[in-house]
Amino acid sequence: MSRVVIYTDGACKGNPGPGGWGVYLRYGDIEKELYGGAPQTTNNRMELQAVIEALRALNRPCEVDFYLDSEYVRQGVTTWMTGWKARGWRTADKKPVKNEDLWRILDELVTLSTHSIAWHWVKGHSGDPGNERADALANEGVRQVQRG
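Residue numbers restart at each chain and count upward from 1, following the sequence in its written direction. Restriction of local features to residues with pLDDT of at least 70 applies here, the model being predicted, together with a cutoff of 80 or more for giving and counting side-chain atom pairs; totals for whole chains, interfaces and linings are based on all residues. As a rule here, side-chain values cover all heavy atoms of the structure and leave hydrogens and water aside.

## As for the sheet that holds strand 5 (residues 116–121)
Sheet strands line up and pair through hydrogen bonds in the backbone, either parallel or antiparallel. Following DSSP output, two strands are said to pair if at least two bridges run between them. Here a strand is any run of E in DSSP of at least two residues, a helix any run of H or I of at least four, and the numbering for each starts at the N terminus. With respect to topology, five strands assemble into an open sheet ordered 3-2-1-4-5, the strand pairing being mixed. Of all the strands in the sheet, just strand 3 (30–41) and strand 5 have a single pairing partner and so form its edges. Each neighbouring strand pair of the sheet contributes to a mean axis angle of 20°, computed without reference to strand direction. When checking whether two residues touch, look at their non-hydrogen atoms; a contact exists if any pair is within 4.5 Å. Simply put, an axis is a line fit to the C-alpha atoms, just over the touching stretch for a helix, and the angle between two N-to-C directions goes from 0 to 180 degrees. Helix 1 (residues 43–57) rests against strand 1 (2–12), strand 2 (17–27), strand 3, strand 4 (62–68) and strand 5 of the sheet, and its axis sits at about 155° to strand 1.

Written as structure tokens, this is what we have:
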């Protein structure tokens, strides 16, 4: 299997407000950058969208190392999602899961994929080159939305 390193990030100007997501993908010497946004969204939605778009960009089974600065997404996909699904997409205190639509998409992409995925947390805005690039791409997504 091919080994792919992916950095993702989300950004939002106001929360809610115009937001963007960014993906920096590296496969050997090959680099790919993706970004996009939404006019009225939240930071957490953009963090989730970045991971979804990264997985959609893979066109064959890969060993994936995801690096993200969102504990919300990392904990959600590695720990909380199992319980949410068992409770009918409800939290432990029986409230609806926020961003359920995106969590369901991410769950399907992860569950149906043949990728081997490792999830890593990286401190944001700390000089990690991949994280800084993903952040810049997410901010470009915001600018794109603001320009119309």
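## Points about the nonpolar core
The biggest cluster of nonpolar side chains holds 29 residues, and the ones touching the most others in it are Ile6, Leu48, Val51, Leu58, Phe66, Trp103 and Leu106. Contributing elements (two or more residues each) for this core: strand 1, strand 2, helix 1, strand 4, helix 2 (71–86) and helix 3 (100–112). With seven residues, helix 1 is the largest single contributor of residues to this core. Contacts of Phe66, omitting those with residues within four sequence positions, involve Ile6, Thr8, Val51, Ala54, Leu55, Ile117, Ala118, Trp119 and His120. Val5, Tyr7, Tyr24 and Ala134 belong to the second-largest nonpolar core, a separate cluster that totals five residues. Definition used in this section: a nonpolar core is a set of buried Ala, Val, Leu, Ile, Met, Phe, Trp, Tyr and Cys residues joined via side-chain atoms within 4.5 Å. A 1.4 Å probe rolled over the protein chains alone gives each residue an accessible area, and that area as a share of the maximum for its type sets the label: buried under 20%, exposed over 50%, partly exposed in between.

## Structural notes on unusual backbone geometry
The residue after Asn15, namely Pro16, is reached through a cis peptide bond having omega 20°. With respect to the element layout, Pro16 can be found in the loop between strand 1 and strand 2. Of note, the phi angle at Trp89 is positive, near 60°, even though the residue is not glycine. With respect to the secondary-structure elements, Trp89 resides in the loop between helix 2 and helix 3.

## A look at helix 2
For helix 2, spanning 16 residues, the distance from its first C-alpha to its last is 21 Å, which sits close to the expected 22 Å at 1.5 Å a residue. Where helix 2 bends most, at Trp80, the angle is about 60°. At its buried positions, helix 2 is contacted by helix 1, strand 4, helix 3 and strand 5. Of the residues flanking the end of helix 2, it is Gly88, one or two places downstream, whose phi is positive at about 70°. To estimate how far a helix should reach, multiply one less than its number of residues by 1.5 Å. Consider a residue and the seven residues that end there alongside the seven that start there; fitting an axis to each set, the bend is the angle between those axes.

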